[in-house]
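Residues per chain, in single letters:
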Amino acid sequence: MSHLPAPSSDRSDAPTATLARPLRQLALQAAAVLAVLSLAWPYYGVRGEELPWPQTAFAIGAVALLLATLSHQPWWWRILHAVFAPLAWGVALLQIDPGWFLLASMLLLLVYRGALSGQIPLYFSSRETVHALAALTHGYHDLRFLDLGAGIGSIVQPLAAARPDASFTGVENAPATWLAGRVRTLATANCSWRWGDLWRTDLAAYNVVYAFLSPTPMAALWEKVGREMRPGSLFISNSFAVPGVAATQEIDVDDRRHTRLYCYRV
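Note that the structure is a prediction, hence the values are computed from the model and not measured.

Engineer: What should I look at first to understand the nonpolar core in this one?
Structural biologist: When a protein is soluble and globular, its nonpolar side chains tend to lie buried together. By size, the foremost hydrophobic cluster in this structure holds 47 residues, and its most contacted members are Phe145, Phe235 and Ile236. With residues near it in sequence (within four places) discarded, phenylalanine 235 still touches Val209, Ala211, Met218, Leu221, Trp222, Val225, Met229, Val242, Tyr262, Cys263 and Tyr264. Val36, Ile60, Ala64 and Ala85 belong to the second largest nonpolar core, which has 7 residues in total.

Engineer: Sorry if this is basic, but what is going on with the pairing of strand β1 (residues 144-148) here?
Structural biologist: Regular strands show a simple pattern: their side chains alternate between the two faces of the sheet. With 4 of 5 residues buried, β1 is to be regarded as a mostly interior element. The sheet contact formed by β1 and strand β2 (residues 167-172) spans 5 bridges and is parallel. Paired with phenylalanine 145 across the strands is phenylalanine 168, a residue of β2. Traced from β1 through helix α7 (residues 156-162) to β2, the parallel crossover comes out right-handed. Where β1 and strand β4 (residues 208-211) come together, 4 bridges link them in parallel fashion. Paired with leucine 146 across the two strands is valine 209, which belongs to β4.

Engineer: Hey, could you run me through the environment of serine 167 in this one?
Structural biologist: One can find serine 167 in strand β2. Residues serine 167 and serine 192, 25 residues apart in the sequence, show an inter-C-alpha distance of 8.0 Å. For serine 167, the contacting residues outside a window of four places in its chain are Leu143, Arg144, Phe145 and Asn190.

Definitions and limits used
Within each chain, residues carry numbers counting from 1 in the order of the written sequence. Local features in a predicted model are, by the rule used here, given only for residues with pLDDT of at least 70; side-chain atom pairs are given and counted only at 80 or more, and totals for whole chains, interfaces and linings are based on all residues. Heavy atoms throughout the structure, all of them, feed into the side-chain values; hydrogens and water do not. Take the buried residues of types Ala, Val, Leu, Ile, Met, Phe, Trp, Tyr and Cys, join any two whose side-chain atoms come within 4.5 Å, and each joined set is a nonpolar core. Relative accessible area decides the class of each residue, using a 1.4 Å probe on protein chains only: under 20% of the type maximum gives buried, over 50% gives exposed, and in between gives partly exposed. Contacts are residue-level and defined by heavy atoms, with any inter-residue pair within 4.5 Å sufficient. Working definition: helices are DSSP H or I runs of at least four residues, strands are E runs of at least two. Numbering for both runs from the N terminus. Note on pairing: two strands pair once DSSP finds at least 2 bridges between them. Crossovers are described as right-handed under a simple rule: with the strands pointing away from the observer, the path leading from the first strand over the helix to the second runs clockwise.

Any link to function would need more than the numbers given here.
If you want it as structure tokens, here you go:
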């Protein structure tokens with residue numbers, strides 16, 4: 001059996017902590033911009049020459065890469081920091097109407113709100129994962145199942161349809177995916193579809209909680225599980241293990257993604 005960490009009295013609020021991470025990345029990129037422009041503008045200004053934007057963009061990328069490396073960012077963040085300014089300069093050459101960028105940002109926010117607020121991208125669980133979860137929870141005669149970050153209901157709707165004797169709840173906070181899930185679950189009487197924040201969702205009423213999030217929130221979510229879920233209940237994480245905690249059971253799903261379910265008995 002895995003052991004739950006003791007709740008920390010001075011633990012920072014999880015939503016605030018996850019929001020701070022992308023803000024730190026923006027601050028790092030801004031620092032690179034300021035460092036390069038603070039040198040380039042005076043130099044070219046004194047000489048009466050126009051700022052060479054291609055070289056400036058690549059210099060910003062190089063400084064951002066250096067700062068990301070010094071601050072021990074993961075490799076994918078280093079790449080993003082290195083290419084952001086050059087790509088922004090390249091897109092600017094296309095002279096696209098700014099309104100299209102605003103529209104694209106709004107559409108992305110409707111679908112990928114979790115990626116901005118908590119570094120939780122939108123993932124779709126496979127049908128094979130649904131079958132694996134159905135088999136895993138088959139022995140629960142009083143099943144109360146919760147999907148945190150439920151997307152479009154690809155887990156709770158088919159499970160609820162197959163288990164009319166059980167109760168299923170999906171929680172989602174991205175507007176477009178919530179609406180899609182709401183429509184999808186309308187005809188399923190034993191499936192409750194909610195708009196909400198996973199961090200403000202009480203887990204005490206459920207004996208099985210499922211999440212397909214990202215590595216970033218797993219440690220904080222495990223603390224929440226330890227505080228709120230009752231002894232004997234089950235927490236299942238798709239693809240992302242709880243750092244530093246041994247899973248009670250690991251299930252390999254035979255799908256294209258080679259999904260692995262990490263199961264933790266509370």
